[in-house]
Structures are given as structure tokens and as C-alpha cells.
Amino acid sequence: MSMKLVLVTGAGRGIGREIALRLAADGYAVSGCARSTTELEETRNLSQGKIRVSPLDVTHAEDVDAWIKTEADHAARGNGSIWGLVTAAGIQGDIAPFTEVNWAEWKKTVEVNLYGTAHAC
């Protein structure tokens, strides 16, 4: 049987972690990424070592590309391929009236939530 690998961004906590854990419990090979090494280690421990983890900031396209290539190569060694992608990395900035928006925070939110998803896709 070939390996069915699912990549999960935002696997360090929240929805991304829960999806990664469920996929691993259902028998999928899972590779998760997030910015926090500590949170990723907790995800790996919760999965009893079933989830491969990589510290990664999804706003850096070249790092996302390298992660995907590494994981595709890993899957190929197991006679498999990348079977799915979950883009759960995201942040929420402060909610404020538009005239009071912190533009640096707005930019970071767009970079993570929009560009990060596009980079992975």
C-alpha cells in the first residue's frame, strides 16, 4: 500500500493541530508545520510520534517550497505521494474600526492568512 501524505500548515495548535491529529489517527502520513517549535513538539507528542513536524513561517515562499519538496521526496521513498493539503495557519489581528487599523498588524495578517495559504497551494 502506498503512503498517502497530508501536509498541514498551522499544525502547532488549534484547528490545524486537531486536523493533523485526526488524520494521523485515521492512518494518514502527516507532516505539519508551524512557527513554534514548542507547539509542534507537543503536536508530535500527542500523536505518539506519528506526525512529522517542521518549524516554518508560511510567509516565506521559498521555505514553504523547500518543505513541500522535502515531504514529497519523503513520500516517494514510501511509494506514495502528497495526497492532501490543509492550510490552517492563520492569525487574527485586533478588531478595530477601519480608521484605527494598525497597518503593520494588518499587513502581517494578510501575509499569513492570504499569502501563506497561496504559497502552500
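Here the structure is a predicted model, which is why all the values come from computation and not from measurement. (Residues numbered from 1 in each chain as written. Predicted model: local features only at pLDDT ≥ 70, side-chain atom pairs only at ≥ 80, totals over all residues. Heavy atoms only, no water.)

Undergrad: When you look at the environment of G16 in this model, what are you seeing that I'm missing?
TA: With respect to the helices and strands, the residue G16 is situated in helix α1 (residues 14-25). Remark: the alpha-carbon pair of G16 and E111, spanning 95 residues in sequence, is separated by 18 Å. Dropping the residues within four chain positions of it, G16 is found in contact with V8, T9, G10, A11 and A88. (Helix = DSSP H or I, 4+ residues; strand = E, 2+ residues; numbered from the N terminus. Contact = heavy atoms within 4.5 Å.)

Undergrad: What is the right way to look at the layout of surface pockets in this model?
TA: To find leftover empty space, one rolls a probe the size of a water molecule over the atoms. Estimated volume of the largest pocket: approximately 300 Å³. Forming the boundary of the largest pocket are 19 residues, of which G10, R13, R35, A89 and G90 lie nearest the centre. Of all elements in the fold, only α1 and β2 (29-34) reach the threshold of two or more residues within the lining of the largest pocket. In terms of residue count, the dominant contributor to the lining of the largest pocket is α1 (three residues). A class-by-class count of the residues in the lining of the largest pocket yields nine nonpolar, six polar and four charged. (1 Å grid on protein atoms, 1.4 Å probe; cavity = no way out; pocket = protein on both sides within 12 Å on 5 of 7 lines; lining within 4 Å. Points joined across faces, edges and corners; volume = space filled by probe spheres on them. Nonpolar A, V, L, I, M, F, W, Y, C, P; charged D, E, K, R; others polar.)

Undergrad: Looking at this structure, how should I read the packing of aromatic side chains?
TA: Evaluated as defined, the whole model comprises four aromatic pairs. Between F98 and W106 the ring centres are 6.1 Å apart and the planes differ by 85°, which places this aromatic pair in the edge-to-face class. Its relative accessible area of 55% is what places F98 among the exposed residues. Exposure remark for W106: the relative accessible area of 45% places this residue in the partly exposed category. (Phe/Tyr/Trp six-rings, centres within 6.5 Å; stacked < 30°, edge-to-face > 60°. Buried < 20%, exposed > 50% of the residue type's maximum accessible area, 1.4 Å probe, protein only.)

Undergrad: Explanation requested: unusual backbone geometry in the structure shown.
TA: Glycine aside, residues mostly have negative phi, and peptide bonds are mostly found in the trans state. Within the chain, Q48 stands out as a residue other than glycine whose phi angle is a positive 60°. For Q48, the location among the structural elements is in the loop between α2 (37-46) and β3 (51-55). Residue N79 is not a glycine yet carries a positive backbone phi of 60°. Counting through the fold element by element, N79 comes out in the loop between α3 (61-77) and β4 (81-87).

Undergrad: So what exactly am I meant to see when it comes to the side chain of S31 here?
TA: Along the chain, S31 turns up in strand β2. Look at S31 and you get buried, because its relative accessible area is 0%. At a separation of 3.4 Å, a polar atom in the side chain of S31 contacts the side chain of E71. (Polar contact = N/O pair within 3.5 Å; in protein donor to acceptor, adjacent residues only side chain to side chain.)

Undergrad: Sorry, what's going on with α1 here?
TA: Note on helix geometry: an α-helix contains 3.6 residues per turn, so any two residues three or four positions apart are oriented the same way. In this model α1 runs 17 Å from its N-terminal to its C-terminal C-alpha over 12 residues, within 8% of the 16 Å that 1.5 Å per residue would give. Of the positions making up α1, those classed as buried are G16, R17, A20, L21, L23 and A24. Seen end-on, α1 carries its buried residues on one side only, within an arc spanning 165°. In α1, those exposed residues whose orientation departs by more than 90 degrees from the buried face are I15, R22 and A25. Following α1 by one or two positions, G27 has its phi on the positive side, about 100°. (Expected span 1.5 Å × (residues − 1). Arc of directions from axis to C-beta.)

Undergrad: Would you explain the pairing of strand β1 (residues 4-9) in this entry?
TA: Successive residues of a regular strand alternate their side chains across the two faces of the sheet. For β1, the buried fraction is high: five of the six residues fall into the buried class. Pairing between β1 and β4: six bridges, direction parallel. Its bridge partner lying in β4, L5 is registered against I82. Looking at chain direction, β1 and β2 are connected through five bridges and run parallel. Looking at the pairing, L7 lines up with S31 of β2. Between the parallel elements β1 and β2, the chain passes through α1 in a crossover that is right-handed. (Pairing = 2+ DSSP bridges. Right-handed = clockwise from strand over helix to strand, strands pointing away.)

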